[in-house]
Structure formats: structure tokens, C-alpha cells
Amino acid sequence: MQKSILYLVAGTAISFLLNYFLLGSQGWELDLYYGFAFGLAWGTAYFLDDEKFSLPQKLIYSFLAMGILLLIGYLIFRFELAIPSIIKFSMVFVAYYVFASFRKTKSLRK
């Protein structure tokens, strides 16, 4: 759990800094929100990368995380600005498991 939180914070910081300073800022608030989407996906994927979670549980938890992310975006920004965070979350989450699928253990934890 501690590493998942570390990945959440690191992913948020890295993505925010890249978006804000290198890729063209849309405002620091929106860049931070999109960075949080990246960090949340990375931390959630790492947390769920365990044998104790079945595939349906992983799907439920990932959809729950996306729902919370969408709700936060809807409350702070407009709905149209919250949708790209779901796309970022999904891309990072799927990429984590695609990279894991190339390993013999099918996990990036071990």
C-alpha cells in the first residue's frame, strides 16, 4: 500500500511537471488534475497487481477509481475537461498490464 501511494505521488508530480513546463500548460489546476489522473492510474494498477485480487475485483476497483476521478473533475472543472483524465487513466492502467504481460510472472511487482 505504501508503494502504491508513493507511485501515486511520484506519477502526479512527474506528469504535472512535464505538462506544466514542457508540453504547454492549460493552467496549473488542470495540469495538476491531469497529473493526478496519471498518478492515480499508476498507483491503482500497482496496488491491484496482486494475486489476491480477481479480475472482476480489478475491474470494479479500476472503474471505481475512474468514477471518483470523473466526479472530482466534474465538481472542479467542466465535464468536458474531466473526460481527458479518464482517457489518461485508462491508457496508463492498460499500459501497466500490457508491460506486465510480457514478463514470465505476468506482474511488475516481482
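Just above sits the structure.
What comes next is a walk through the structure. (Residues numbered from 1 in each chain as written. Predicted model: local features only at pLDDT ≥ 70, side-chain atom pairs only at ≥ 80, totals over all residues. Heavy atoms only, no water.)

What to know about the overall build of the protein chain
Right, so step 1: From N to C terminus, the protein chain includes four helices and zero strands.
Right, so step 2: Scaling as 2.2 N^0.38, a compact globule of 110 residues should have a C-alpha radius of gyration of about 13 Å, and the protein chain matches this with 14 Å.
Right, so step 3: Projecting the C-alpha coordinates of the protein chain onto the three principal axes gives extents of approximately 40 × 25 × 25 Å.
Right, so step 4: Across the 110 residues in the protein chain, those meeting the buried criterion constitute 35%.
Right, so step 5: A sequence separation of at least 24 residues applies to 64% of the contacts in the protein chain between residues at least 6 apart.
Right, so step 6: By element, 74% of the accessible surface of the protein chain is carried by carbon and sulfur atoms, the whole surface being about 7,100 Å².
Right, so step 7: Distance between charge centroids for the protein chain: 12 Å, based on 10 positive and 6 negative side chains. (Helix = DSSP H or I, 4+ residues; strand = E, 2+ residues; numbered from the N terminus. Rg over C-alpha atoms; globule rule 2.2 N^0.38 Å. Buried < 20%, exposed > 50% of the residue type's maximum accessible area, 1.4 Å probe, protein only. Contact = heavy atoms within 4.5 Å. Areas by Shrake-Rupley, 256 points an atom, 1.4 Å probe, with all protein chains shown as cover. Lys, Arg positive; Asp, Glu negative; His and termini not counted. Charge placed at Lys NZ, Arg CZ, Asp CG, Glu CD.)

Comments concerning the packing of aromatic side chains
In this description, an aromatic ring pair is defined by two values, namely the gap between the centres and the angle between the planes.
Right, so step 1: Applying the stated rule across the entire model yields 13 aromatic pairs.
Right, so step 2: On the numbers, 5.8 Å between centres and 85° between planes, the contact of Phe53 with Tyr61 is edge-to-face.
Right, so step 3: Accessibility expressed as a relative area gives 12% for Phe53, which makes it buried.
Right, so step 4: A network of ring pairs unites the aromatic residues Tyr7, Phe38, Trp42 and Tyr46 as a single cluster. (Phe/Tyr/Trp six-rings, centres within 6.5 Å; stacked < 30°, edge-to-face > 60°.)

Side note on the environment of Lys52
Right, so step 1: Here Lys52 shows up in the loop between helix H2 (28-48) and helix H3 (55-76).
Right, so step 2: Residue classification places Lys52 among the exposed positions, given a relative accessible area of 60%.
Right, so step 3: Separated by 22 residues in the primary sequence, Lys52 and Leu30 place their C-alpha atoms 35 Å from one another.

Section: the environment of Phe77
Right, so step 1: Within the secondary structure layout, Phe77 lies in the loop between H3 and helix H4 (79-101).
Right, so step 2: Judged by relative accessible area, Phe77 falls into the buried class, the value being 18%.
Right, so step 3: Sequence spacing of Phe77 and Leu40 is 37 residues, and the spatial spacing of their C-alpha atoms is 18 Å.

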